[in-house]
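Residue-level structural notes
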2 protein chains.
Amino acid sequence: MSFASKGMAATAQDEAYRAILQDIRSGRYQPGERLIPETIARELAMSRMPVREAFQRLANEGLVLIRPNRGCIVSGLTIEEIYELFEIRSVLEGLAVRLAMPRFDAAALAELDDHVARMHRAGAAGGADWLSRHQEFHAYICGFSRHPKLIAQIAALHIAVEPYMRVWLHHVAQPAYATERQDEVVEAIRTGDAEHAEAVMRDHVLRTAPRLAEFLRKRGQAVGASSALPASTQP
Amino acid sequence: MSFASKGMAATAQDEAYRAILQDIRSGRYQPGERLIPETIARELAMSRMPVREAFQRLANEGLVLIRPNRGCIVSGLTIEEIYELFEIRSVLEGLAVRLAMPRFDAAALAELDDHVARMHRAGAAGGADWLSRHQEFHAYICGFSRHPKLIAQIAALHIAVEPYMRVWLHHVAQPAYATERQDEVVEAIRTGDAEHAEAVMRDHVLRTAPRLAEFLRKRGQAVGASSALPASTQP
DNA sequence: CTTTGTATGAGTGTATCCACTATTACAAAG
DNA sequence: CTTTGTAATAGTGGATACACTCATACAAAG
């Protein structure tokens, strides 16, 4: 569940949710920043209530932290937590490709090559929307698993680290290394060996973690209270 | 995340959350059943608001499904979805043991044997609280990974299938096969080989799925709308 | 007897209001 | 100048109130 198209709910709460999510992903709301319902409500021309319920959803997704009587803050991740999320995502995406393997046909492989090509172009142009292409690439692959909950979890993990990826890419601008590795993944899928594809995907996902971590460490970034991801809410 | 002790928040919303969660896990609220805020609020001597926010949390954990303007129903799982959850849990718990391996010392191993012994006793007595012992066993192992988000996700997955496990165990009463396999897991941990332990844990988790599925199929159980799980997380 | 339209009621989503908690700023005492 | 107590204010959690949606039952028309 997450970003990909959702069936248009038109409810105010949903609007609030999407707006806040967007602002967290984009980095407008920084980790540690306090979110005041009153303010956001006015901004979106609605009352505090739908905003509060949106906070709940965001909290369950680990993007925000709600301490009783102390309000809602954008949850920052420590470097250890970022590592943890990459570890989790690596096994989940590994599982996803493995389960997806029987469903890849010639058309799908062609489409995959297309995605990679688009990433190359985006990467050359500048890292800004390379991130979106990269997420689409992964989403496309995982989509073939046809396991909605698995797909949703993976999407959530992408989103959780997105703000950090964004600042990183903003500074390095050249994620060429990753694009190369992408080819490896496609190649592994082409072999038709599910176990192999799983292993390659795992490696591929994990390879990003140390680079991002090193960047953040140098930058002294990554502070803020931890969260509670999917599972639930407040500590 | 979820059941294990939580730091006592004393807020009404939290109380509602725990109460409803409990009633879903225990099977008091059946899949497909509609949850009416008004009713539950009266039952817990509070207003509808905290109940609604509790619904949000439960929805993000996939235990409940909220359709706009149509209320909140306990989300049932199809057999395919149950399989999916076992697949996901297998890789996550596999990851958890692998990461936990360096932390198992003699004391931990002794404690593990203790857990298994308790499960044997509980299994002999009757399947009722064997389920609790089994969850504790897994939670204990995963706990050593020291990765809170990973642990929380795994716990959420245990909870999601709990109602189904419960009716199953109520009918078969003898999960002896599983208890034997438990020993294999402990044995694998004892070897100190992380990769091996991961593989064994994966097998162990997956082994339950087909048995549970077969039971449910015969019983014609498992209907109800799907959910959106943890992805937690997200949308 | 079937179909279609309408009305009534239950239930949901949002807004407003109130009580209480936490936090900040400030003042008095050391 | 530091520390500690206290008051004021901002903000949260919860309750109540209201408008709108959906569903059901019933009635009229075919």
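These lines cover the structure that appears in this document, whether it is placed above or below. (Residues numbered from 1 in each chain as written. Chains lettered and ligands numbered in written order. Predicted model: local features only at pLDDT ≥ 70, side-chain atom pairs only at ≥ 80, totals over all residues. Heavy atoms only, no water.)

The subject of this paragraph is the pattern of salt bridges. Tallying each qualifying case throughout the model produces 36 salt bridges over all chains. Residues D23(A) and R28(A) are paired through a salt bridge, measuring 2.9 Å at the closest nitrogen-oxygen approach. A salt bridge links D14(B) to R57(B), with the nearest nitrogen and oxygen atoms 3.0 Å apart. Residue D14(B) is located in helix 1 (residues 12-26), and its partner R57(B) is located in helix 3 (residues 48-60); the two are separated by 43 residues in the primary sequence. (Salt bridge = Lys/Arg side-chain N within 4 Å of Asp/Glu carboxyl O. Helix = DSSP H or I, 4+ residues; strand = E, 2+ residues; numbered from the N terminus.)

A few words on helix 1 of chain B. For an α-helix, 3.6 residues make a turn, and residues three or four places apart therefore share a direction. Residue and element names in this part refer to chain B. Here helix 1 contains 15 residues, and its C-alpha end-to-end distance of 21 Å stays within 8% of the 21 Å for a straight helix at 1.5 Å per residue. Buried residues of helix 1: Q13, D14, A16, Y17, I20, L21, D23, I24 and R25, and no others. Of the residues flanking the start of helix 1, the one acting as N-cap is T11, its side-chain oxygen 3.3 Å from the backbone nitrogen of Q13. One or two residues past the end of helix 1 sits G27, with phi positive at roughly 95°. (Expected span 1.5 Å × (residues − 1). Buried < 20%, exposed > 50% of the residue type's maximum accessible area, 1.4 Å probe, protein only. Polar contact = N/O pair within 3.5 Å; in protein donor to acceptor, adjacent residues only side chain to side chain.)

A word on the environment of I40(B). Locating I40(B) in the fold gives a position in helix 2 (residues 37-44). Contacts of I40(B), omitting those with residues within four sequence positions, involve I20(B), Y29(B), L35(B), V51(B) and F55(B). (Contact = heavy atoms within 4.5 Å.)

Here we come to the protein's contact with DNA strand D. Residues in close proximity to DNA strand D total 18 residues, the closest being P37(A), R52(A), T11(B), A12(B) and S47(B). The contact atoms of DNA strand D, taken as those within 4 Å of the protein, divide so that sugar and phosphate hold 70%. For DNA strand D, a sugar or linking oxygen lies 3.3 Å from a polar atom in the side chain of R34(A). In the model, a base nitrogen of DNA strand D is placed 3.1 Å from a nitrogen or oxygen of the R52(A) side chain. Taken together, the elements giving at least two residues each to the surface near DNA strand D come down to helix 3 (48-60) of chain A together with helix 1 and helix 3 of chain B. For the surface near DNA strand D, the class distribution of residues is seven nonpolar, six polar and five charged. (Near = heavy atom within 4 Å. Nonpolar A, V, L, I, M, F, W, Y, C, P; charged D, E, K, R; others polar.)

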